[in-house]
Each structure stands twice: as structure tokens, then as C-alpha cells.
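Residues per chain, in single letters:
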Amino acid sequence: MTGVKSKIRQNRLNHIVGIAIVVAFLLPHSNALLQAINPLLCIALAYYSKRRTENAKFLVILPISFSLLINLTGIQMKAFFSVVSILMYFSLFPIVGRVKIHNAYLYVCLFFILLSQVIYAIEIPFLVNFFDTMYPISEDTVTGAAFRYTATHVTMDTIYNFRLGGLYHNPNICSEFLTLLLAFYLVQQENFKKKVTWIFPAIAFFAILFTGSRTGFIVAFVLIMSILYVKKEINNTNIVIAVISAFLYLFVGAEGSLRGLDFEGGMNSSVNLKWETFTHYLITEQSAIRYLFGYADMGLFDVKNSYIMGAFDSDYGYLVFCYGFIGFAGILSFCYLIMQKMEKSVRLYFFVLLWMVSNSIFMSYRASFAFMLLLSILYSNTYSVHNATLERK
């Protein structure tokens, strides 16, 4: 009976995690109170799961807690909630134990995101109103409003910037979640020889291309090709696909006709500009304590600094501003130590951290929960017997 109860409990946990993923990706943000659902889900998952303890998390918990403590008197409520949430995700890491996510939950997320992209592209009024109501443009996605093209508005002059952000509005945010969703899917698959296994990656990859995100294109391409290499699935068909993709980059990207493949433009207008903003902050900041532990409120950056971009628009910038170099180093050290305890075959998923350069992972209430859940699944599902043996010694 114990074995039967254990299987029932495990199957129930698998479904709870699947629901948590749907919530992480598709939770409406029309009401600020809905943002509390992610931390509550985190607590429920941690309580229900049998998990290992991981001491590396204290590298993050201690400096961020100190940052919150020294800034407690002037911090805004939204920022306070954000800091408490990130502390909770790390404190409860790993959020879940060993799980098997049912593909149905991942397909629900993928098709809903893709549907929202299509609806905004062809502009179906009542459905556009539905998405605008449930997923209004917020201060986190306001920059994406400029990219709301419809199929009837696209010309040869505007196709370079034809970008579909869907329910996220901001195309970069949409691409980030699509690559995270792709990672959730790939890590769960065991048999890549079946053609049906590649339906999800194919749809996700094209949805990412529709966002026009260069980072998304790189992350998705590397994840898929790395999986093929690790699983020893490199064959003539896969080589042809890789060659075609490389051709698209060299030809279409070089011509500059599609933004998602214009990597040279990305370095000049995006990466370099964000780096200039970051270095300008470092030069102008006067307080040593802020260098070390930050302000704990990324909203203060817009008040203190209105130069260049008016925002860091990158995780590394906001992490240093909010938690200082001590907190930033703690997060990087945590990721490195966790990666070392995983099997080598899954370390490639850390490539999604490339989003720290062009967008936000840890500083986004939605993305931080999704990434920490992904990291927990990778950690719990692949923690090898070799590591456990080393710990006992």
C-alpha cells in the first residue's frame, strides 16, 4: 500500500507542478494581488515535495536580506514584495523534488502564447480587447507597445521591426518565456528519435522568430542543437536543418531584412547601449555601501538617473543596482555551484541565463518564479548518485 500511495502522491505532484507552470507563464496581471500567487505556489510546492537541502542558497539569501534591511525605511511596497518573493524562491530551493511534467501543460502554454501573437497580428477586435484587459500593458512591458504591428500594417519598410509580443506585449519578454518553456519541454523528454517529439520545439522556434528577438533566436538554437549533440541524435536531417539555419543567419541577417537575425545591429544598438548605461551608473554612484548592497528597489533608478536609456534593461544592471556587487556575485556563485552538482548533460540549460544580458530573469516576478522552478526540476531530477556519494565521504 505504501508503494501505491507513493505513486499517487507523485502523480498528484506532477500535475500540481504542471499547473504551477501554466500559472507562471499565463497568469493575468490585471490585478496586482494576482502577483502573490507565484510565491504562494512556491510555498505549496515546497511543502508537498520531498526535497534535498542546498546550502549554496545562503550565498544569495544573506546579502539580499542585508540589502533589504538597510533600505527598509525608504523602499516602496512593490519593491518590498519583489525582494521578499526572490528571497522566498531561494530560501525554498529546490522548490520541488523529482517530477515528471505532462506535456499537455506545456502545450497549453505554447498554444496560448502563439494564439495571442496571431490575434495581435491579424487584429481580431474582441479578442484583442480580451488580452488587453487580462494582460494590460504595464510599466514592465511599456517598451513593447511600439512594436504592436498588425498584418495589415506591415510593409517592406516596417518588416524589419515586425515583432509579435503576444500577451506579454514586449517581444523580448515573450521570446524569453518561449525559450524557458522550450527548456521545460526538452528536459522532460527521453526519446528524441520519435518525430512527434520535435513538434513542440518546431512550433516554439517559429514563435520565437516571430518575436524578432536576437537573444531568443540564439538561446533556442543552442538549446536544440545541444540536445541533439548530447542525445547523439546528430544525423543528416539535423545537419541539413542546421545548415539552413546558418544560411538564414548569414544571408537574411546580413541583409538586415529581419531584426531577429540582425546580430550586428543588436550589438551596436542594444548590448552596447545597455553596457553604457550600466558603466555610467558605476561612474556616477558615490556611495560605497550602495556598490556593495544596492538600493533594493529598481524603481529608484528611474528617479536617480534619466540618462542614456532611462533604465538598465538588463538583469545584471538591475541586480547590481538593487543588491550590489555582493548580491550579484552571490547569485552567480549560487548558479555555478548548483550547475556543478548537476549531470553534465543538463548543464546546457544554464544557457538561458544569457537573458540576463538583454532582459530580466531574477528581477522579473514572473520570470524569476519560472526560472527557479526550472532550476529546481533540473537539480532534483538529475542530482547524480556520484554527487551523493561524494557528500557522504
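What you see is a predicted model, and the numbers here were worked out from it, not measured in a lab. (Residues numbered from 1 in each chain as written. Predicted model: local features only at pLDDT ≥ 70, side-chain atom pairs only at ≥ 80, totals over all residues. Heavy atoms only, no water.)

Undergrad: I'd love a proper account of the nonpolar core, names of residues and values included.
TA: Judged by nonpolar contacts, the single largest core of 110 residues is most densely connected at Phe25, Phe334, Tyr349, Phe362, Met372 and Leu373. Ranked by residue count, the leading element in this core is helix H14 (residues 315–340), at 13 residues. Phe25 has contacts with Cys109, Leu167, Tyr168, Phe177, Leu180, Leu181, Phe184, Arg366 and Ala370, leaving out every residue within four places of it along the chain. (Core = buried A, V, L, I, M, F, W, Y, C linked by side-chain atoms within 4.5 Å. Buried < 20%, exposed > 50% of the residue type's maximum accessible area, 1.4 Å probe, protein only. Helix = DSSP H or I, 4+ residues; strand = E, 2+ residues; numbered from the N terminus. Contact = heavy atoms within 4.5 Å.)

Undergrad: Explain the confidence of the model for the chain to me, using residue names and the numbers behind them.
TA: For the chain, the average pLDDT comes to 79, and 76% of its residues sit at 70 or higher. Helix H3 (residues 58–70) holds the highest mean pLDDT among the elements of the chain, 94, whereas helix H17 (residues 385–392) holds the lowest, 46. A low-confidence stretch, residues 141–160 stays under pLDDT 50, and its non-local contacts, those more than four residues away or across chains, total 42 contacts. Every residue in residues 252–257 is under pLDDT 50, and counting partners more than four places away or in other chains gives 11 contacts. (pLDDT = per-residue confidence, 0-100.)

Undergrad: Describe the packing of aromatic side chains, listing the residues and the values that go with them.
TA: According to the stated counting rule, one finds 27 aromatic pairs in the structure shown. Their ring planes at 50° and their centres at 6.2 Å tell us that Tyr120 and Phe131 sit as a pair that is tilted. One end of the pair, Tyr120, is in helix H5 (residues 103–122); the other, Phe131, is in helix H6 (residues 125–134), and 11 residues separate them in sequence. Pair check on accessibility: Tyr120 and Phe131 agree, each one buried. Ring centres 4.3 Å apart and planes at 10° place the aromatic pair Tyr185 and Phe200 in the stacked group. With a gap of 15 residues between them, Tyr185 in helix H7 (residues 171–188) and Phe200 in helix H8 (residues 199–211) connect regions that are remote in the sequence. Given a relative accessible area of 0%, Phe200 falls into the buried group. The structure contains a cluster of three or more aromatic residues connected by ring pairs, namely Phe90, Phe93, Phe334, Phe362, Phe371 and Tyr379. Seen from the ring of Tyr48, Arg9 lies directly overhead, with NZ or CZ sitting 4.3 Å from the centre. (Phe/Tyr/Trp six-rings, centres within 6.5 Å; stacked < 30°, edge-to-face > 60°. Lys NZ or Arg CZ within 6 Å of the ring centre and 35° of its normal.)

Undergrad: Outline the packing of helix H2 (residues 37–48) against helix H16 (residues 365–382), supporting the account with residue identities and numerical values.
TA: In a packed pair of helices, the relevant descriptors are the angle between the two axes and the axis-to-axis distance. The interhelical angle for the contact between H2 and H16, taken along N-to-C directions, is 20°, at an axis separation of 10 Å. Regarding the angle of H2 to H16, the classification is roughly parallel. When you trace H2 past H16, the crossing you get is left-handed. Seen from H2, the contacting residues are Asn38, Leu41, Cys42 and Leu45; seen from H16, they are Tyr365, Arg366, Phe369 and Leu373. (Axes fitted to C-alpha atoms, helices over the stretch in contact; angles between N-to-C directions. Parallel < 35°, antiparallel > 145°, perpendicular 65-115°, else oblique. Left-handed = near helix turned anticlockwise from the far one by under 90°.)

Undergrad: An account of H5 is needed here, citing residue identities and associated values.
TA: Here H5 is 20 residues long and its end C-alpha atoms lie 28 Å apart, about the 28 Å a rise of 1.5 Å per residue gives. Within H5, the full set of buried residues consists of Tyr105, Leu106, Tyr107, Cys109, Leu110, Ile113, Leu114, Ser116, Gln117, Ile119, Tyr120 and Ala121. The first or second residue beyond H5 is Glu123, which carries a positive phi of 60°. (Expected span 1.5 Å × (residues − 1).)

Undergrad: Residue-level account of the side chain of Thr211, with values.
TA: Structurally, Thr211 is set in helix H8. Judged by its relative accessible area of 0%, Thr211 is buried. The residues contacting Thr211, other than those within four sequence positions of it, are Gln117, Arg163, Leu164, Pro171, Cys174, Ser175 and Leu178.

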